Amino acid sequence: MENFIGGATALFTDPTGLLIFIGGLLGGMLFGSIPGINMLTLGAVILPFTAGMTAEHAIMLYSVIYCSGVFGGAITAILFNIPGSPENAPTTFDGYPMTLKGEASRAIGAAVICSALGGVVSAVLMMSATPLIAGIAVSAFGPPEVFALIAFGLCVAASVGAETLWKGTLSVFLGMLIATVGTDPESAEARFAFGSYYLLAGIGFVPLILGFFAISEIFVQAGQIVSGTRAKISAEVKFPSIWEFWRMRFTVIRSVLIGFFAGVLPGIGATLAAFLSYGEAIRWSKDKSKFGKGEISGVVASETANNSATGAAMIPLLALGLPGGALTAMMMGVFEIHGMEVGPLVFITSSDLIWIVFAAMFFANVCILALGWIQTKTVVHLLRIPFRRLAPAILLIAIVGAYAGRNSVLDVWVMLIAGGAGFLLRRTGYSVAGIVLGVILGGLGESVFVKTMQIVNYDLIALMQRPIVALLLIAASITLALNILREVSPPKPDFAERQSK
Amino acid sequence: MISLKTKLVALSATALFATTAAAEMPKTSDGFPERPITMIVPFGAGGGSDQVARAMAAAIESVSDASVMVVNKPGGGGLSAVPDFMSAPSDGYTVFMHLDMAVASHAAGDLNLNPGKDWQPLGIAQLTFSQLYVRSDETRFSNWQELVDYAQENPGEVTLANVGASTTMEGVNLQLLEESAGIDFRVVGFDKPSERYASLVGGHVDVLLEQPGDIRPFLDGGQMKPVLTLLQDRPAAFSDVPSLADLGADFVPLMRYRGFFTHRDAPEERFSWLAEAVRQGFETEAFQEFNKKKFMDVVESYRSPSDAETLIDESITTYKTVFQKLN
């Protein structure tokens, strides 16, 4: 606590530091909200500048960008079905349907509060027990445990947004199939690449989500305008009530824990945190059919978890020198530029600096709450713009976003094809959210499965002897069995009753 | 966006190197370079290759009045950027950064272009070797001899974290080592470096094959220690770690190197200008400092264009010999 007050005082009594803090906050939010460019782009651009700053300022700047960048994409995800960054993709699943129902401000309000809450709790956890958590997480969770976790998450993916469970399952399988394009994770052999360098790199995730969400939505809306069935979207400002949050307290707590956990483990990070947390929100919900159609707890789960992952991602970086993602890897570069090495010793050798960083991350999340509050009241009015004027702008942003990720025109084509395919799939009752879940969980799941098999020497019994793996895989099988059972058995009266609640 | 980025990078470079007022390189007789030079990096922003490219871009800007724009084009194990480079005009305004991975891809038949022949090397700016690492608190073995003994007593038990593909510098080096040392590891392939390191530190694998610069924080933090250097003779920085000569292994290990290329048919004068810019850039204090932090000063890192061609030629021969043996 003393350390925290020291860090906070140092942060607020230093005008340059405060300026950098505000710059990082706004910059991260801006870059996070534009698809294609994200906080990584900002991080790479400003990297050369950091050599001229003090170490405290430079590292504090990156940690603030990290916090606000993860939040920034939520607003465009909710308003226009454009996830600003991949970690906001699950926010579109329910956030955009809420906008269509005229509840945009309620969704944004929930996203703001949950982002801030997830970030603050994760910052507090980070401050209280960094070295301890890092050591436990890295040794308890190897590739086999991560595989089991992903398999567990994949089991509920079929319930998202499809007409029937079968269509949902097919959607997830399609996503997993898309994830196999490129190179296989074991020996990097080309797979479904057809001799093309482009396909060898795999189908880009960003063009895919832009196509499936933003582009296919333009088609859907255009169709409704042509047929005259489009309802006017209300831009009423209506915040979620405290009572609503109290009802979702378990979702919030669960999402913070999932996000925190996913953030600590190297190679998982905020994107997977959001997807896994969304999956769990469905699993624990009484009425699974509401998800994908504008259920506020879907937004809450996704946004709480991705921000909760930010503080957590600092833990392995600071305590073990293990960057979990690209931005934390850049932060390690900033430490190096200033002649410091991250690792257990950093808490002893640069204790002041660490506490300034912790304080900055804490207050960055508090500021998200304040800024987000103002944003909620203002950005909702963008919805007053007629859709026929808005659509070209969305299209333009999406094209630039798809291109900018890898500077590739082919990515733009992938996005447009995904947009067309997404439109047809949605019309026929399949779930684009399920496809996207399949792509991300399938791709990562295969990669950790290969490592798992190598570690346990292809011995499935040895795999099940790891307690965490056994627990998660058994739970996954039970979920799967229950889902199938529910689908094949005729609806019982009590089941229908429960549905109508 | 790109123009903003260029401006920012150029601005920062001026800020950084304003103090090192070295004699600026004159332009060529045809006025090259009169506009920004594009440097294509086949990997994402923030990684090892991106860092060296940006350091070199800044260094070239400090020794000349040229501005260098770094463009990241990741994907396909560094191959996605190749068509972009090949289709750019061969007027010297496009520079390609690549590493030994392109050479390995060529030897494996994944890339039909030979980096030493079809591209024009401008120089190599980073050259380093691999080592084997174990956890510092490992109780079963603490040095190379104990590791070999343990592996022979418990066949198939010792796991080693390496990159996924076997047709890479890391894969070939491991093959050569296993053959000549008579040791057999169970290889676990990881595509992301951080997962590779976490698996060793977290105790999910036993040994790691890596270059010292990449895991320097773990060495300084005392979490990992080297047990073998994959070089014939012990370098001064690791004089207490056995090397291949101590094992009686007589193979020539493959090195990790990162260099810069332009098109083969670029005008001769512009090629010479670029090669000189890379050489002078390498000599700058800032770049030397950068390389030192990455342990890239343990063996001499710079190779001139002709030496780079020789190095690439030699490694192609080694790769091909090993690949043939594998098939």
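All figures in this text were calculated on a predicted structure; none of them were measured in a lab. (Residues numbered from 1 in each chain as written. Chains lettered and ligands numbered in written order. Predicted model: local features only at pLDDT ≥ 70, side-chain atom pairs only at ≥ 80, totals over all residues.)

1. Some remarks on the overall build of chain A
Turning to step 1, where the next piece is worked out: A tally of regular secondary structure across chain A gives 23 helices and 2 strands.
Turning to step 2, where the next piece is worked out: A compact globule built from 501 residues would reach a C-alpha radius of gyration of about 23 Å, and chain A, at 22 Å, matches this within 12%.
Turning to step 3, where the next piece is worked out: In terms of principal-axis extent, the alpha carbons of chain A reach across some 65 × 60 × 55 Å.
Turning to step 4, where the next piece is worked out: For chain A, the proportion of its 501 residues judged to be buried stands at 59%. (Helix = DSSP H or I, 4+ residues; strand = E, 2+ residues; numbered from the N terminus. Rg over C-alpha atoms; globule rule 2.2 N^0.38 Å. Buried ≥ 20, exposed ≤ 12 C-beta atoms within 10 Å, placed from the backbone.)

2. Looking at the overall build of chain B
Turning to step 1, where the next piece is worked out: Helix and strand counts for chain B stand at 12 helices and 10 strands.
Turning to step 2, where the next piece is worked out: By the compact-globule yardstick of 20 Å for 327 residues, chain B fits well, its C-alpha radius of gyration being 21 Å.
Turning to step 3, where the next piece is worked out: Judged by the C-alpha coordinates and their principal axes, chain B covers about 70 × 40 × 35 Å.
Turning to step 4, where the next piece is worked out: Counting all 327 residues of chain B, 55% fall into the buried class.

3. Description of helix α5 (residues 144-153) of chain B
Residues and elements named next belong to chain B.
Turning to step 1, where the next piece is worked out: Of the residues making up α5, those classed as buried are Trp-144, Leu-147 and Ala-151. Take α5 and look down its axis: the buried residues cluster within an arc of 60 degrees, on one side only. Away from its buried face by more than 90 degrees, α5 exposes Gln-152 and Glu-153.
Turning to step 2, where the next piece is worked out: Looking at the packing, one finds that the buried side of α5 touches β5 (131-135) and β9 (224-229). (Arc of directions from axis to C-beta. Contact = placed C-beta atoms within 7 Å.)

4. Brief notes about the sheet that holds strand β6 (residues 159-163) of chain B
Residues and elements named next belong to chain B.
Turning to step 1, where the next piece is worked out: In space, the 5 strands of this open sheet follow the order β7-β6-β8-β5-β9, with mixed pairing throughout. The sheet terminates laterally at β7 (186-190) and β9, the two strands that pair on one side only. Across the sheet, the axes of successive neighbouring strands diverge by a mean angle of 30 degrees, strand direction being ignored.
Turning to step 2, where the next piece is worked out: As paired elements, β6 and strand β8 (residues 207-210) share 2 bridges and run parallel to each other. Residue pairing across strands places Ala-161 opposite Leu-208, the latter belonging to β8. (Pairing = 2+ DSSP bridges. Axes fitted to C-alpha atoms, helices over the stretch in contact; angles between N-to-C directions.)

5. Quick look at the sheet that holds strand β2 (residues 68-72) of chain B
Residue and element names in this part refer to chain B.
Turning to step 1, where the next piece is worked out: Ordered by their spatial adjacency, 5 strands build an open sheet running β2-β1-β3-β10-β4, and the pairing between neighbours is mixed. If you trace the sheet from one side to the other, it starts and ends with β2 and β4 (119-128), each paired once. Strand after strand, the sheet turns through a mean of 25 degrees between neighbouring axes, direction not considered.
Turning to step 2, where the next piece is worked out: Relative to strand β10 (residues 256-263), strand β3 (residues 94-99) runs antiparallel, the two sharing 4 bridges.

6. Concerning helix α2 (residues 48-63) of chain B
Turning to step 1, where the next piece is worked out: The end-to-end C-alpha distance of α2(B) is 23 Å, a good match for the 22 Å that 16 residues give at a rise of 1.5 Å each.
Turning to step 2, where the next piece is worked out: Burial within α2(B) is extensive, with 15 of its 16 residues counted as buried. (Expected span 1.5 Å × (residues − 1).)

7. Overview of the nonpolar core
Turning to step 1, where the next piece is worked out: Within the largest apolar cluster, 268 residues are counted, with the highest numbers of intra-cluster contacts made by Ile78(A), Leu210(A), Ala360(A), Val436(A), Met39(B) and Met56(B).
Turning to step 2, where the next piece is worked out: The residues that make up this core include at least three from each of domain 1 (2-128 + 255-326) and domain 2 (131-247) of chain B.
Turning to step 3, where the next piece is worked out: When neighbours within four sequence positions are excluded, Ala360(A) is seen to be in contact with Leu11(A), Phe21(A), Met60(A), Ser63(A) and Val64(A). (Core = buried A, V, L, I, M, F, W, Y, C linked by C-beta atoms within 7 Å. Domains from an automatic or database assignment.)

8. Here we look at the domain arrangement of chain B
All names here are of chain B.
Turning to step 1, where the next piece is worked out: The domain boundaries assigned to chain B delineate domain 1 (2-128 + 255-326) and domain 2 (131-247).
Turning to step 2, where the next piece is worked out: On a C-alpha basis, the centres of domain 1 and domain 2 stand 29 Å from each other.
Turning to step 3, where the next piece is worked out: Of the residues lining the interface, 15 residues belong to domain 1; the matching set on domain 2 comes to 13 residues.
Turning to step 4, where the next piece is worked out: Elements with a contribution of two residues or more to the side of domain 1 that touches domain 2: α4 (100-108) and α12 (305-326).
Turning to step 5, where the next piece is worked out: The dominant element in the side of domain 1 that touches domain 2, judged by the number of residues it contributes, is α4, at 4 residues.
Turning to step 6, where the next piece is worked out: Of the residues that constitute the side of domain 1 that touches domain 2, the class distribution is 10 nonpolar, 2 polar and 3 charged. (Nonpolar A, V, L, I, M, F, W, Y, C, P; charged D, E, K, R; others polar.)

9. Side note on the packing of helix α4 (residues 55-80) of chain A against helix α5 (residues 89-100) of chain A
Residues and elements named next belong to chain A.
Turning to step 1, where the next piece is worked out: Between α4 and α5, the shortest axis-to-axis distance is 6 Å and the interhelical angle comes to 50 degrees. Considered as vectors, α4 and α5 are oriented oblique to each other. Like other packed secondary-structure pairs, α4 and α5 cross with a definite hand, here right-handed. Residues Ala-74, Ala-77, Ile-78 and Leu-79 of α4 touch α5, and the partners they reach there are Thr-91, Thr-92, Gly-95, Tyr-96, Met-98 and Thr-99. (Parallel < 35°, antiparallel > 145°, perpendicular 65-115°, else oblique. Left-handed = near helix turned anticlockwise from the far one by under 90°.)

10. Some details on the confidence of the model for chain B
Turning to step 1, where the next piece is worked out: Across chain B, pLDDT averages 86, with 92% of residues at or above 70.
Turning to step 2, where the next piece is worked out: In the predicted complex, the global pTM is 0.77; the interface-specific ipTM is 0.73. (pLDDT = per-residue confidence, 0-100.)

11. Looking at the environment of Trp119(B)
Residue and element names in this part refer to chain B.
Turning to step 1, where the next piece is worked out: Relative to the elements of secondary structure, Trp-119 occurs in strand β4.
Turning to step 2, where the next piece is worked out: Linking Trp-119 and Phe-260, residues 141 residues apart in sequence, is a C-alpha distance of 9.6 Å.
Turning to step 3, where the next piece is worked out: Ignoring anything within four residues of it in the chain, the contact list for Trp-119 reads Phe-96, Leu-113, Phe-261 and Arg-264.

12. Observations concerning unusual backbone geometry
Turning to step 1, where the next piece is worked out: The peptide bond linking Phe32(B) to Pro33(B) adopts the cis configuration, its omega dihedral lying at -10 degrees.
Turning to step 2, where the next piece is worked out: Structurally, the position occupied by Pro33(B) is in the loop between α1 (2-17) and β1 (37-41).
Turning to step 3, where the next piece is worked out: Even without being glycine, Tyr458(A) reaches a positive phi, approximately 60 degrees.
Turning to step 4, where the next piece is worked out: Tyr458(A) sits in the exposed class, given 10 other C-beta atoms within 10 Å.

13. Points about the environment of Ala433(A)
Residue and element names in this part refer to chain A.
Turning to step 1, where the next piece is worked out: Among the structural elements, Ala-433 can be located in helix α20 (residues 432-455).
Turning to step 2, where the next piece is worked out: On the neighbour-count criterion, Ala-433 (30 C-beta atoms within 10 Å) is buried.
Turning to step 3, where the next piece is worked out: Residues Ala-433 and Lys-101 lie 332 residues apart in sequence; the distance between their C-alpha atoms is 18 Å.
Turning to step 4, where the next piece is worked out: The residues touching Ala-433, leaving out its near neighbours within four places in the chain, are Phe-93, Val-160, Gly-161 and Gly-292.

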